[in-house]
Amino acid sequence: MTTQITDESQRQLARTLGIDRVRDGERLTLAHVRESIEEETDPAFASMGESIRHDLSGKLDASLLEAELENLAIQLERLPEVREAGIPAGEDEPERLYREVVEPGWRIYDHLVEVGFFESAEENLPRFSPEHIEHTAHELIRTAQLTDELADLGFDERERLALVMNVVNNNDRLARWVPTKEIPDGVEFDVEHVPPLHQRAAGGVLLWINALDVHYWQKKYLLTDEILDDGYRDAKAMLAGVYLLSRAALDVADDGPLSDAQLTAALTAGAAIAIVNQEEICKDAFWITEEMRAPSPAR
């Protein structure tokens, strides 16, 4: 997750959301954005959320989701310790650092797969488009409960604004991730085996973070503190996406306080955050170029 918030990225966010012009050097805040955007809710968002609740009524295990979301929060809290540890130790195999972080996420993922949660999201939500992302951002920013929960998980003001900004300002990248049924002929073979979009988003997060222990252990001579820092920020952002998506599932399970429109926003924003930051961690931590790598001691 890039937390570098430039004047241009702020202006782009402001243009998309239709808020006041941002002057150079002025720092945009979530509170200012929340006060500036329209309060009107897109009726289609409420309809989508209502359909998902109807599909999944009685299928989700609220106790499991609540317990694993608490465990995920604990893992997010100890994520700075994992970064501080740096490269996993181990003679024959790497110690478990990042793999422990994603264990609650895997248990949530397996349950959501089992009950058909991702199929319902695929069926009821549209593909990413500038309009859909814009409405999602509106709902997410206005839903103080969700942004406050991210704060409780350790995301400061700048990180929460960056999460929203990185989604809103990356419509083009998100539009390449289409529902399975809309994958063009020839792009994928055996499309019937490709999971729904939201499952790819959540599962991809868990797989990328799961791979960090082995990747860092094997590439330890190439790594720099900058690579480790960037990988840490990307992993943290991806977990925010999984949290929002899982939080929406819990709201369905226990008939929680989110409105149907807010439920749709949490699902879409969670998947979008997961996707954007999967692409970031590839560039920041896995594809180590000659320019990025640590200097060779033989030079």
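Note: the structure precedes this text.
Since we're looking at a predicted model, the values are computed, not measured.

Calculation rules
Residues numbered from 1 in each chain as written. Predicted model: local features only at pLDDT ≥ 70, side-chain atom pairs only at ≥ 80, totals over all residues. Heavy atoms only, no water. Helix = DSSP H or I, 4+ residues; strand = E, 2+ residues; numbered from the N terminus. Rg over C-alpha atoms; globule rule 2.2 N^0.38 Å. Buried < 20%, exposed > 50% of the residue type's maximum accessible area, 1.4 Å probe, protein only. Contact = heavy atoms within 4.5 Å. Areas by Shrake-Rupley, 256 points an atom, 1.4 Å probe, with all protein chains shown as cover. Lys, Arg positive; Asp, Glu negative; His and termini not counted. Charge placed at Lys NZ, Arg CZ, Asp CG, Glu CD. Axes fitted to C-alpha atoms, helices over the stretch in contact; angles between N-to-C directions. Parallel < 35°, antiparallel > 145°, perpendicular 65-115°, else oblique. Left-handed = near helix turned anticlockwise from the far one by under 90°. Nonpolar A, V, L, I, M, F, W, Y, C, P; charged D, E, K, R; others polar. 1 Å grid on protein atoms, 1.4 Å probe; cavity = no way out; pocket = protein on both sides within 12 Å on 5 of 7 lines; lining within 4 Å. Points joined across faces, edges and corners; volume = space filled by probe spheres on them. Salt bridge = Lys/Arg side-chain N within 4 Å of Asp/Glu carboxyl O. Core = buried A, V, L, I, M, F, W, Y, C linked by side-chain atoms within 4.5 Å.

Trainee: What's the story with the overall build of the protein chain in this structure? I'm lost.
Mentor: Along the backbone of the protein chain there are 15 helices and zero strands. The C-alpha radius of gyration of the protein chain comes to 19 Å, within 12% of the 19 Å expected for a compact globule of 299 residues. Dimensions along the principal axes, computed over C-alpha positions, put the protein chain at roughly 65 × 50 × 45 Å. The 299 residues of the protein chain split such that 54% are buried. When contacts within the protein chain are restricted to residue pairs at least 6 apart in sequence, long-range pairs at least 24 apart make up 81% of them. Summed over all atoms, the accessible surface of the protein chain reaches about 14000 Å², with 47% contributed by carbon and sulfur. Each charge class in the protein chain was averaged separately, 29 positive and 60 negative side chains, and the resulting centres sit 6 Å apart.

Trainee: What is the right way to look at the packing of helix H6 (residues 103-115) against helix H12 (residues 197-210) in this model?
Mentor: Two packed helices can be described by the angle between their axes and the distance between those axes. Packing of H6 against H12 leaves a shortest axis separation of 11 Å and a crossing angle of 155°. Taken as axis vectors, H6 and H12 run roughly antiparallel relative to one another. You can see that H6 and H12 cross each other, and the crossing is left-handed. Of the residues in H12, those touching H6 at Gly105, Trp106, Tyr109 and Val113 are Gln199, Ala202, Gly203, Leu206, Leu207 and Asn210. Its residues placed into classes, the contact of H6 with H12 shows six nonpolar, four polar and no charged.

Trainee: Even after reading the chapter, I still don't get unusual backbone geometry, so can you show me in this structure?
Mentor: Glycine aside, residues mostly have negative phi angles, and peptide bonds mostly take the trans form. Residue aspartate 255 is not a glycine yet carries a positive backbone phi of 50°. The exposure class assigned to aspartate 255 is exposed, which follows from its relative accessible area of 64%.

Trainee: Any chance you could explain empty space enclosed by the protein here in plain terms?
Mentor: Rolling a probe over the atoms, with the probe sized like a water molecule, indicates the empty space that remains. Considering all chains together, one arrives at three cavities of 30 Å³ or more under this definition. Each pocket or cavity is described by its volume, and for the largest cavity that value is around 50 Å³. Lining the largest cavity are Gly105, Ile108, Tyr109, Leu112, Phe118, Ala202, Leu206, Val242, Leu245 and Ser246. For the lining of the largest cavity, the secondary-structure elements that each account for two or more residues are H6, H12 and helix H14 (225-253). A per-element tally of the lining of the largest cavity places H6 first, with four residues. Broken down by class, the residue content of the lining of the largest cavity amounts to eight nonpolar, two polar and no charged.

Trainee: Help me out: how do you make sense of the pattern of salt bridges in this one?
Mentor: In a structure, side chains of opposite charge can pair up when their charged atoms sit close to one another. Scanning all chains against the criterion turns up 21 salt bridges. As a salt-bridge pair, arginine 53 and aspartate 260 come within 2.6 Å of each other at their nearest N and O atoms. On the criterion of sequence distance, the pair formed by arginine 53 in helix H3 (residues 43-56) and aspartate 260 in helix H15 (residues 260-286) is long-range, its members being 207 residues apart. A salt bridge links glutamate 139 to arginine 142, with the nearest nitrogen and oxygen atoms 2.9 Å apart. Here glutamate 139 and its partner arginine 142 are both found in helix H8 (residues 130-142), three residues apart, which amounts to about one turn of the helix.

Trainee: Help me out: how do you make sense of the packing of H12 against H14 in this one?
Mentor: As a packed pair, H12 and H14 sit with axes 10 Å apart at the nearest point and diverge in direction by 140°. Between H12 and H14 the crossing geometry is left-handed. The residues of H14 that touch H12, namely those facing His198, Ala202, Val205, Trp208 and Ile209, are Ala235, Met238, Leu239, Val242 and Leu245. In the contact of H12 with H14, the residues fall into nine nonpolar, one polar and no charged.

Trainee: Looking at this model, I keep getting lost on helix H7 (residues 117-124). Mind explaining?
Mentor: Along an α-helix, a turn takes 3.6 residues, which lines up residues three or four apart on a common side. Taken residue by residue, H7 has Phe117, Phe118, Ser120, Ala121 and Glu122 as its buried positions. Where the residues of H7 are buried, they touch H3, H6, H12, H14 and H15.

Trainee: Where do I start with the nonpolar core in this structure?
Mentor: Generally speaking, soluble globular proteins have nonpolar side chains that are buried together. Ranked by size, the top nonpolar core spans 90 residues in total, and within it Tyr98, Leu112, Phe117 and Ile209 carry the most contacts. It is H14 that provides the largest number of residues to this core, a total of 16 residues. Other than its neighbours up to four places away in sequence, leucine 112 contacts Leu60, Leu65, Phe117, Phe118, Leu245 and Ala249.

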